[in-house]
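What follows is each chain in one-letter form.
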Amino acid sequence: MKPKMEINVSTPTASNRPYGSSRVASIDAARGSAMLFVCLAHFTNSYFFLNGWKDIGSKLVAIVMLASPTFVTFSGLVAVFLAVTRRSSFVHLRRKLIDRGLFLLLIGHLILSLSGTLTGVGFSHAYRIEYITDAIGFAILIGPWLVVILRPRARLLLAATIFVLNWGAILFWTPGDGISTFAKQYLVGVVNPGRWGDTAGGFAVIPWFVVYLVGTAIGERVGAYYVAKNETSAHLLLAKIGVISVVSTLCIKIALVFAVRSAPGFVATYPTLTHLLSFYQKFPPAPDYLFFFGGAGMLLVAGVLEAGRRGMQPFLLNQLRQIGLASFFVYIVQFYVYVVVLRSLRLPYTPFWPLIFLFSIALLSALASVWNVRGGNRFLTVGVGALLERLGHGRGRILEKPIAVGSPTA
C-alpha cells in the first residue's frame, strides 16, 4: 500500500506586492497566462473575422483553443492546491467557493448577458448563452466537496465515467420539447447536424465539470510536492502530463490518417468516430480536443511555474500575476473590450495588429492592478459565504475532514 500523509500546513498568502518567490504568486501568474489565450481568442473573433482575414483568424483559433481546457483544468488545480497547502483554512475556502460559484451563475451570467444590448443580438438571446463562467461556477460548487469524500483516483474514475455517459447522451438521447431539451443543451451539450467542429458555441456544464474534476486530481499531487518543498518535481509532473497527453493524441491522429488513406470508405462508415477524434471538436468538448489542448496548456503552466521558481522575467510574471489574481474581473472587462468595443470600432486590418493586442493586454493588466490594490475580489459575492461562516462549525464538519493525499515520492 502506498504511504499516505495528511497535510496541515500554510503557505505565504498572495499580496499586491511585486512579483517575488512566493509560490502563490507563481500560481497566479500561471492562471494569468491562461487568461492571455482567452483574451487572444476573443480578440481574434472580433478583429480578424470581421475584417475578412479568415486565414490568419483560423490559424490563431487553432492556437487559442488551449484557452478553455487550460483555464478550467487550472481552476480545479488551484482550488485543491490551496486545500492541500493551506489545510487549516480549507473549510473557509470551501465556503468562499460556494459563494463565488453562486456569484458566477447568477450575477456573472447577468453581467455578461447585458453585452447583448450593446451588440445588437439582444439581452434575451445573450442570456440564453452558456458562458464558460457558468461551467466554472457549477464546478466550484460541487468539485471541492468531492475532494473531501473521494481520493484522486476515485475522482478520475468518476470523471471518466461521467464523460463517457455524457457523450452517450449527446449522441443517442433525443429529448422532446420542454425541460428535457433545456437540460440537454445546458447540461449535457448538443451537436446539431452539420455543426461538428464549430469554433463557437456554448459551454455545457457536465463535460466541463469533468475537466475541472481532473484538475482537482492534478492539483492534489502538485500541492503535495509543494508541501514537501519539491517544486521542481511538481513542475515536471505537469510537463509529463502535458507531453503524454499531446503525444497520445498525435498518435491517434496519425492512426486515423492512416486508416482514412488505407480505407477511403472509413470516414463514410464511421463519421461520428472521426469527429470524436478531431482536435477541434470543442462544443461539446471531445476527448482528443481536451487531451491535445489541455496537455499543451499543462506544458504552458509548467513553464510559467518553473520560470517563477527560477526568478525569470519578474516584471512580465508580475503582470501575469495581476491578471491571474483578478481573473474574473479581467474576463468581464476583456469580454466587453473585445466583444463590444472592438467589434463596434471595426478597425481596419494592419500587419501591426500585435501592437493593438498588446495595448489591450497592457490596459487589462493596469486595470487588474488597480482592482487588486483595492481588494476588488471581495465584491464578487452574493453574501452566502459570510452567512455560512456565521452559521458556525456544525455545518462545516464534513469540510474539516483531513485530506489524505498520496506521498509525492510514491
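Considering the overall build of the protein
Assigned secondary structure in the protein consists of 18 helices and two strands. Taken over 410 residues, the protein has a buried fraction of 50%. A separation of at least 24 residues holds for 79% of the contacts in the protein among residues at least 6 apart in sequence.

Brief notes about unusual backbone geometry
A negative phi holds for most residues other than glycine; trans holds for most peptide bonds. The linkage connecting Phe283 with the following residue, Pro284, adopts the cis geometry, with an omega of -10 degrees. Along the chain, Pro284 falls in the loop between helix H13 (271-276) and helix H14 (287-310). Although it is not a glycine, Gln313 adopts a positive phi angle of roughly 45 degrees. Relative to the assigned elements, Gln313 resides in the loop between H14 and helix H15 (314-325). You will see that Arg346, though not glycine, has its phi angle at about 50 degrees, which is positive. With respect to the helices and strands, the residue Arg346 is situated in the loop between helix H16 (327-345) and helix H17 (353-373).

Examining the packing of helix H3 (residues 67-85) against H14
Where H3 contacts H14, the axes come no closer than 8 Å and their chain directions differ by 65 degrees. Two packed elements cross with a definite hand, and for H3 against H14 that hand is right-handed. On the side of H3, the interface is formed by Ser68, Pro69, Thr70, Thr73 and Phe74, while H14 contributes Tyr289, Leu290, Phe293, Gly294, Gly297, Met298 and Val301. Classifying every residue of the contact of H3 with H14 gives seven nonpolar, five polar and no charged.

Comments concerning the packing of helix H8 (residues 152-172) against helix H10 (residues 205-227)
Put simply, H8 and H10 touch, their axes get as near as 9 Å, and they point 165 degrees apart. Taken together, H8 and H10 sit at an angle that is classed as roughly antiparallel. As for the relative orientation of H8 and H10, their crossing is left-handed in sense. On the side of H8, the interface is formed by Pro152, Arg155, Leu156, Leu158, Ala159, Ile162, Phe163 and Asn166, while H10 contributes Ile206, Pro207, Phe209, Val210, Leu213, Val214, Thr216, Ala217 and Glu220.

Rules used in this analysis
- Residues numbered from 1 in each chain as written.
- Predicted model: local features only at pLDDT ≥ 70, side-chain atom pairs only at ≥ 80, totals over all residues.
- Heavy atoms only, no water.
- Helix = DSSP H or I, 4+ residues; strand = E, 2+ residues; numbered from the N terminus.
- Buried < 20%, exposed > 50% of the residue type's maximum accessible area, 1.4 Å probe, protein only.
- Contact = heavy atoms within 4.5 Å.
- Axes fitted to C-alpha atoms, helices over the stretch in contact; angles between N-to-C directions.
- Left-handed = near helix turned anticlockwise from the far one by under 90°.
- Nonpolar A, V, L, I, M, F, W, Y, C, P; charged D, E, K, R; others polar.
- Parallel < 35°, antiparallel > 145°, perpendicular 65-115°, else oblique.

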